[in-house]
Amino acid sequence: MGTWSVLRVFFNIIAFDELKTDYKNPIDQCNTLNPLVLPEYLIHAFFCVMFLCAAEWLTLGLNMPLLAYHIWRYMSRPVMSGPGLYDPTTIMNADILAYCQKEGWCKLAFYLLSFFYYLYG
Amino acid sequence: MCLCSCSPSRMEFPSGYGSHLPSYSVPSGHYSQVPSKAAASHLDNQYRASYYPTYYSAPAQNVMTPSVGTNVLNTQESQQLYNKTPAHTVGSAEGPIQGAISSASYLHTSAQQSYSAFGNHYSTSVSSSVASQGFPLNSDHYTMPMVSSAMYPNVSYPPVAAGRVYGQAFTSQTLPAVGQFKETNTFSSQSTSVPHSLQQHVPVGYNTTLTTISSAQSIQDSLCRNLTGSVAKVNNQINRGMQYGGYVNNQASSAPAPLSSSSDDEEEDEEDEEAGCFVPYFHPLKPFFPLRLNTRSMTSSPVPAPSVPQTSKASKPFGYGYPTLQPGYQNAAPPAPVQPNNPGHHPGFQHYPQQYPGVNQLSSSLGGLSLQHSQQPESLRPVNLTQDRNILPVSSVPAPVPNLNSDLRKLNCSPDSFRCTLTNIPQTQALLNKAKLPLGLLLHPFRDLTQLPVITSSTIVRCRSCRTYINPFVSFIDQRRWKCNLCYRVNDVPEEFMYNPLTRSYGEPHKRPEVQNSTVEFIASSDYMLRPPQPAVYLFVLDVSHNAVEAGYLTIVCQSLLENLDKLPGDSRTRIGFITFDSTVQFYNLQEGLSQPQMLIVSDIDDIFLPTPDSLLVNLHESKELIKDLLNALPNMFTNTRETHSALGPALQAAFKLMSPTGGRISVFQTQLPSLGAGLLHSREDPNQRSSTKVVQHLGPATDFYKKLALDCSGQQTAVDLFLLSSQYSDLASLACMSKYSAGCIYYYPSFHRSHNPAQAEKLQKDLKRYLTRKIGFEAVMRIRCTKGLSIHTFHGNFFVRSTDLLSLANVNPDAGFAVQMSIEESLTDTSLVCFQTALLYTSSKGERRIRVHTLCLPVVSSLADVYAGADVQAVVCLLANMAVDRSVSSSLSDARDALVNAVVDSLAAYMSTASNLQQSMLIAPNSLKLFPLYILALLKQKAFRTGTSTRLDDRVYAMCQMKSQPLVHLMKMIHPNLYRIDKLIDESTIHVNDRVVPQPPLQKLSAEKLTREGAFLMDCGSIFYIWIGKNCSNNFIKDVLGYPNYASVPQKMTQLPEVDALSSERTRSFISWLRDSRPLSPVLQVIKDENPAKTDFFQHLIEDRTEAAFSYYEFLLNIQQQICK
């Protein structure tokens, strides 16, 4: 479960790196990435609900900021008909690409830490 | 003069190169290439002739002792090199040039002959050498601009003044070329030899009349004739490191492995696995305007002591330390306090201001010409904005010339095609951040050119690692190897490249046309094709709902098409098709053999299909009669329609299906909000919010349907061009997406009606004529490469970005402009020059695969002062406009407006903090940026960004689309129109163009204070000309020029000037047609009287005046000053 999140974020990072180094067409890349966004967010939300049920207040508190970020991020996504976040026409914009990559790294760190925290904590 | 010299030479090309050139004939005439230079030309002349010596003499006083050592070295080195150069290069330098000019056909045949020896079929046509070299031959009237642009950076001027030092100076002329990498000091050694003669000369030049000036000119002239060619050649060779000393012609035996064609196999768009070296960096998140990072701390942060001596800046910007030059100097460049830079104060108004553009141009070029460290260049001259009211130049603002040595400058790309916001590239990102100016490029890559060397060759020489095309700025290490100027890899020169078709000689790769011209076009081989070149395919999608029929556009479109059917660019394979739509979609079967066109109606708009896929797009030539029948019938076919709905989405889907096998161009004519089927839109505009000062909503698309469609189209090499002719809100913000991402173009005709709005109808007609007949490139990709260390940050324009440096352009047209933001990823300390190269690979309408390559070379500087000295204010403003459009869509309009104001505030604050001793109470800008606040104010009052004034949402969005897709020249007119007084044209100075006398009235400030009731004024807004007539305008003018007896009888809607046989009429018309010639779209003329309702359109462009909602220019300056002092 947690592993899934880690994997998905890892994939994310690789994908943006591929974009940056020209290996892939942004349209294809967005098409592969976009369907994964919502499941990730939902799984994370599901975890949060579980923590709430288990009265794990500390863990929940740690996860709340990310949940809020996810909600904000999805609310402010570009106009799109399908699910997802990434727009092939703006993704190559250096600012947005850098932002997405950075986001990927941060989330990877967070998921990894929380993975071990859930394991041993 | 270039006008005179170009035309004959151009005439001759067809004889020699007929096969290559036909697609380049330019409807707008050959003038377009150099309008600004020519305009400024005669003004600069007088000035430059006498002004130069002053500049050059200055360093003589400040000879920097530490530099002497290197100088000596340089001199020796250069002399050595020079001696090694075989005599024939010097002597015969003019030979090839003459050849190129006079005997194109001779060249051609010769090329053919000699190629056969090589067994390659290989032919090269070169024309542009003519442009640069042809000038010395010409008459004095036009000679100067070219001469000076070619010559003035050179050190040759002081000797000119001296006259007799000439021989001596010859050797020292090679200095700058050699010392190019140590730009700072090469100068001093030489200037010591001249000062005495200069000082004699200077006062004469300034204070007195034209006679002395002309004598100076003639000296220059003769110098140019004798010297330019040869000296330039010498420099060339030295520069490239070619040493001919012991060189023997023995290449044949030691032929290195030619550039393996296997590496060329890759398509342009797939070639860049290796090119990844540009982008391995992960760069930190920046705010949108990188300029705006902690501004306030900026002032307190340590600024490196600028190398320009600042002591003299505040009170005595000039003359300080040069007492002998005082008198001459002050006349020429009035220093701020003593003699405000206000020509209006002088009785000789006509005379003085003429000198300024000269100062401008010259200064920016002088910028760092080795002088920068000893003397303050003109472009850094502080201008007190609040005091100097007349900062506008007399004629159009020239592009600053990069501070390169003269032969590099001569080779450099024309600023019309390729411009950089900073002509001196800062060394590091930190320095760039400090300057608070955006770094970026403005491109007009597919511009109509009158002269373009077209090269057919079996191997196109490119760098093996970064795939850069060989260009004038590469260096030849020896005969067999060249070093890439972008990635510094050393490459082999292929065997074929050793032969120079221009001179018919072997072993001179550095004289090949590719290396002599920064703009060239290659005919690409099949290596550059993914599929066989597509034919030209045009599909017209026409709205025929009630609304459309009512507006009556169909008649105009069909008429224009009928007229231009034979002029549509294409070959025998050209195909054409038509789709019309209202609530259903109608297709037209035009298959050859039918007796009349067949209409096929598909009413299932939810699941659109093509009724007869094969016969809807037909060969233009085979089915011409049917097409003509259809076009004649179409306007009347729908006259009685009751259908008010518009199923644009399904029609577009059908068009996409129809086009996807081939690719091509879809032209969509839409007159209302699409209301049926996929992609339907709802009205989002609240008319009450039009003049809101707070939030402007709905600048972004409402649906991604059109964007997705555009991406699909782009993938199938199809571009969608949108003509929106609506009288009501039609959500251009959403519709525009179909063109934005498919590299199309957008035309908008608000409140179009064929009979009620004749101005718009005329505009549509003219636009269509241009649209249908202009050049077109299909299945294009454009890649921008730049020197290692620089990287591309963001692209602006209509295209789809396919990778970090590759744009996919389904179609490319000559009116499309692009902007690119750059960032500096690695410090550029180890290089003194950076280069940018745009390569545009496209299929011409004749089914040829071609690559057009532009290369721009710019110097790198390390001091903040130099960065300011090289700022190109127009490019900066255009780039900022592009960034602001993005900002207003992604964030909000008010954010974008703030960002624009901050851009001025920050850059001026940063500048003022470098000049620490400036008084804080004044608002000082460097001369290069003196127009910056004015242009930003103009932007803020532009339709796209204005608030408080009633602006329809579609108008605003259209203005934004234009900002993104117009090339710089057009965009500048949109932002800051040119205003001329035209009732006294007979008295104005004139230039001669094609036997026509064109008066050159000075530019007027955009302020109502300039409008007098006695006058008549012409405002040039790019796409429209307004002629405003004052109430008391002399009846003579009205009678002669407008053809009416008096003011009262001039009609309200007048769009044409009659041909009256009077001098003033002739002058006015020649002036207007001269203005028109310089642009592709022939603008519509509108005569405006005071009681005319169109008056507001005219007055809204007077941006220096106060409106209820916006500052006047002076208030704006005060506001900026306040923010700086905060």
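What you see is a predicted model, and the numbers here were worked out from it, not measured in a lab.

Engineer: Help me understand the overall build of chain B, please; the structure alone is not making it clear to me.
Structural biologist: Within chain B, the secondary structure is distributed over 38 helices and 35 strands. For chain B, the residues scored as buried account for 66% of the 1126 residues in total. Restricting the contact set of chain B to residue pairs at least 6 apart, pairs at least 24 apart contribute 78%. For chain B, the computed accessible surface area is about 37700 Å², with 52% contributed by carbon and sulfur atoms.

Engineer: What is the right way to look at the nonpolar core in this model?
Structural biologist: The nonpolar side chains of soluble globular proteins are, as a tendency, buried together. Residues and elements named next belong to chain B. In terms of nonpolar packing, the biggest core is built from 185 residues, with Phe 836, Phe 932, Phe 945 and Met 963 touching the most fellow members. Counting residues per element, this core draws most heavily on helix H31 (residues 893-914), at 12 residues. Formed by 43 residues, the second largest nonpolar core is a distinct cluster that contains Phe 540, Leu 554, Leu 561 and Phe 778.

Engineer: Hey, could you run me through the sheet that holds strand E5 (residues 440-443) of chain B in this one?
Structural biologist: For sheets, the rule is that strands pair by backbone hydrogen bonds, running either parallel or antiparallel. Residues and elements named next belong to chain B. Pairing is antiparallel across the open sheet formed by four strands, whose spatial order is E3-E5-E25-E22. The two strands at the open ends of the sheet, each matched to only one other strand, are strand E3 (418-420) and strand E22 (790-796). Each adjacent strand pair in this sheet contributes to an overall mean axis angle of 25 degrees, direction not counted.

Engineer: Is there a simple way to think about the UniProt feature "domain: Zinc finger Sec23/Sec24-type" (unreviewed entry) in chain B in this case?
Structural biologist: The UniProt record annotates "domain: Zinc finger Sec23/Sec24-type" (unreviewed entry) at residues 460-496 of chain B. For residues 460-496 of chain B, helix accounts for 0% and strand for 27%, while the C-alpha atoms at its two ends are 10 Å apart.

Engineer: What's the story with helix H4 (residues 94-120) of chain A in this structure? I'm lost.
Structural biologist: Structurally, the α-helix is built with 3.6 residues per turn, so residues lying three or four positions apart point the same way. The end-to-end C-alpha distance of H4(A) is 39 Å, a good match for the 39 Å that 27 residues give at a rise of 1.5 Å each. Along H4(A), the residues classified as buried are Ala94(A), Asp95(A), Leu97(A), Ala98(A), Cys100(A), Gln101(A), Glu103(A), Gly104(A), Lys107(A), Leu108(A), Tyr111(A) and Ser114(A).

Engineer: What is the right way to look at the packing of helix H30 (residues 873-890) of chain B against helix H34 (residues 968-975) of chain B in this model?
Structural biologist: Packed helix pairs are characterised by how far apart their axes lie and by the angle those axes make with each other. Residues and elements named next belong to chain B. Running from N to C, H30 and H34 point in directions that differ by 80 degrees, and their axes come no closer than 10 Å. When the axis of H30 is compared with that of H34, the two are roughly perpendicular. Of the residues in H34, those touching H30 at Gln 874, Ala 875, Val 877 and Cys 878 are Leu 968, Leu 971, Met 972 and Ile 975. Each residue belonging to the contact of H30 with H34 can be placed in one class, and the counts come to seven nonpolar, one polar and no charged.

Engineer: I'm lost on the sheet that holds strand E7 (residues 475-478) of chain B in this one. Help?
Structural biologist: Residues and elements named next belong to chain B. Sheet architecture is open: three strands sit in the order E7-E8-E9, paired in antiparallel fashion. Among the strands making up the open sheet, the edge pair consists of E7 and strand E9 (490-492). Mean inter-strand twist for the sheet, computed between neighbouring axes without regard to direction, equals 35 degrees. Summarising the sheet, strand E8 (residues 481-483) and E9 pair through three bridges and their orientation is antiparallel. Paired with Arg 481 across the bridge in E9 is Asp 492.

Engineer: What am I meant to see in the pattern of salt bridges here?
Structural biologist: Should their charged atoms come close, side chains of opposite charge can pair. Residue and element names in this part refer to chain B. The final tally for this structure, using the stated rule, is 30 salt bridges over all chains. Residue Asp 872 pairs with Arg 419 through a salt bridge whose shortest N-O separation is 2.7 Å. Of the two residues, Asp 872 sits in the loop between helix H29 (864-869) and H30 while Arg 419 sits in strand E3, which places them 453 residues apart along the sequence. Using a relative accessible area of 2% as the deciding quantity, one classes Asp 872 as buried. Under the relative-accessibility criterion, Arg 419 is labelled buried at 8%. Among the ionic pairs, Glu 508 bridges to Lys 511, the shortest N-O distance being 3.6 Å. Across this residue pair, the class does not change: Glu 508 and Lys 511 are buried. Residues participating in the shared-partner salt-bridge network are Asp 448, Arg 770, Arg 774 and Asp 815.

Engineer: Looking at this structure, how should I read the UniProt feature "transmembrane region" (unreviewed entry) in chain A?
Structural biologist: The feature "transmembrane region" (unreviewed entry), as given by UniProt, occupies residues 41-67 of chain A in the numbering adopted here. In the segment residues 41-67 of chain A, helix accounts for 89% and strand for 0%; the C-alpha atoms at its two ends are 8 Å apart.

Engineer: I tried to follow the environment of Asp872(B) on my own but got confused; where do I start?
Structural biologist: As for Asp872(B) and Thr421(B), which are separated by 451 residues in sequence, their C-alpha atoms are 5.1 Å apart. Within the structure, the side chain of Asp872(B) is placed 2.7 Å from the side chain of Arg419(B), a separation counted as a polar contact.

Engineer: Sorry, what's going on with unusual backbone geometry here?
Structural biologist: With glycine set apart, most residues show a phi of negative sign, and most peptide bonds adopt trans. Residue and element names in this part refer to chain B. The phi torsion at His 698 lies on the positive side, around 60 degrees, for a residue other than glycine. Assignment of secondary structure puts His 698 in the loop between strand E18 (664-670) and helix H25 (705-715). A residue is classified by how much of its surface remains accessible, and His 698, at 31% relative accessible area, is partly exposed. Even without glycine at this site, Gln 717 takes up a positive phi of about 60 degrees. Tracing the chain through its elements places Gln 717 in the loop between H25 and strand E19 (718-724).

Engineer: How should I be thinking about the confidence of the model for chain A in this particular structure?
Structural biologist: As a note on interpretation, predicted positions should not be read in detail where pLDDT is low. Averaged over chain A, the pLDDT score is 84; the fraction of residues at 70 or greater is 88%. Taken element by element, chain A is modelled with least confidence in helix H1 (residues 2-20) of chain A, mean pLDDT 68, and with most confidence in helix H3 (residues 57-75) of chain A, mean pLDDT 92.

Engineer: Before we go on, may I ask you to explain the packing of aromatic side chains in this structure?
Structural biologist: Tallying each qualifying case throughout the model produces 31 aromatic pairs over all chains. On the basis of an interplanar angle of 75 degrees and a centroid distance of 5.4 Å, the ring pair of Phe115(A) and Phe116(A) is categorised as edge-to-face. Accessibility expressed as a relative area gives 27% for Phe115(A), which makes it partly exposed. Note on Phe116(A): relative accessible area 41%, which makes it partly exposed. Summarising the aromatic geometry, the rings of Tyr747(B) and Tyr771(B) are spaced 5.9 Å apart at their centres and angled 85 degrees between planes, so their arrangement reads as edge-to-face. With Tyr747(B) in strand E20 (residues 746-748) and Tyr771(B) in helix H28 (residues 758-773), this pair connects stretches of sequence that are 24 residues apart.

Criteria and cut-off values
- Residues numbered from 1 in each chain as written.
- Chains lettered and ligands numbered in written order.
- Predicted model: local features only at pLDDT ≥ 70, side-chain atom pairs only at ≥ 80, totals over all residues.
- Heavy atoms only, no water.
- Helix = DSSP H or I, 4+ residues; strand = E, 2+ residues; numbered from the N terminus.
- Buried < 20%, exposed > 50% of the residue type's maximum accessible area, 1.4 Å probe, protein only.
- Contact = heavy atoms within 4.5 Å.
- Areas by Shrake-Rupley, 256 points an atom, 1.4 Å probe, with all protein chains shown as cover.
- Core = buried A, V, L, I, M, F, W, Y, C linked by side-chain atoms within 4.5 Å.
- Pairing = 2+ DSSP bridges.
- Axes fitted to C-alpha atoms, helices over the stretch in contact; angles between N-to-C directions.
- UniProt positions renumbered as here; feature names shortened; annotations may be inferred.
- Expected span 1.5 Å × (residues − 1).
- Parallel < 35°, antiparallel > 145°, perpendicular 65-115°, else oblique.
- Nonpolar A, V, L, I, M, F, W, Y, C, P; charged D, E, K, R; others polar.
- Salt bridge = Lys/Arg side-chain N within 4 Å of Asp/Glu carboxyl O.
- Polar contact = N/O pair within 3.5 Å; in protein donor to acceptor, adjacent residues only side chain to side chain.
- pLDDT = per-residue confidence, 0-100.
- Phe/Tyr/Trp six-rings, centres within 6.5 Å; stacked < 30°, edge-to-face > 60°.

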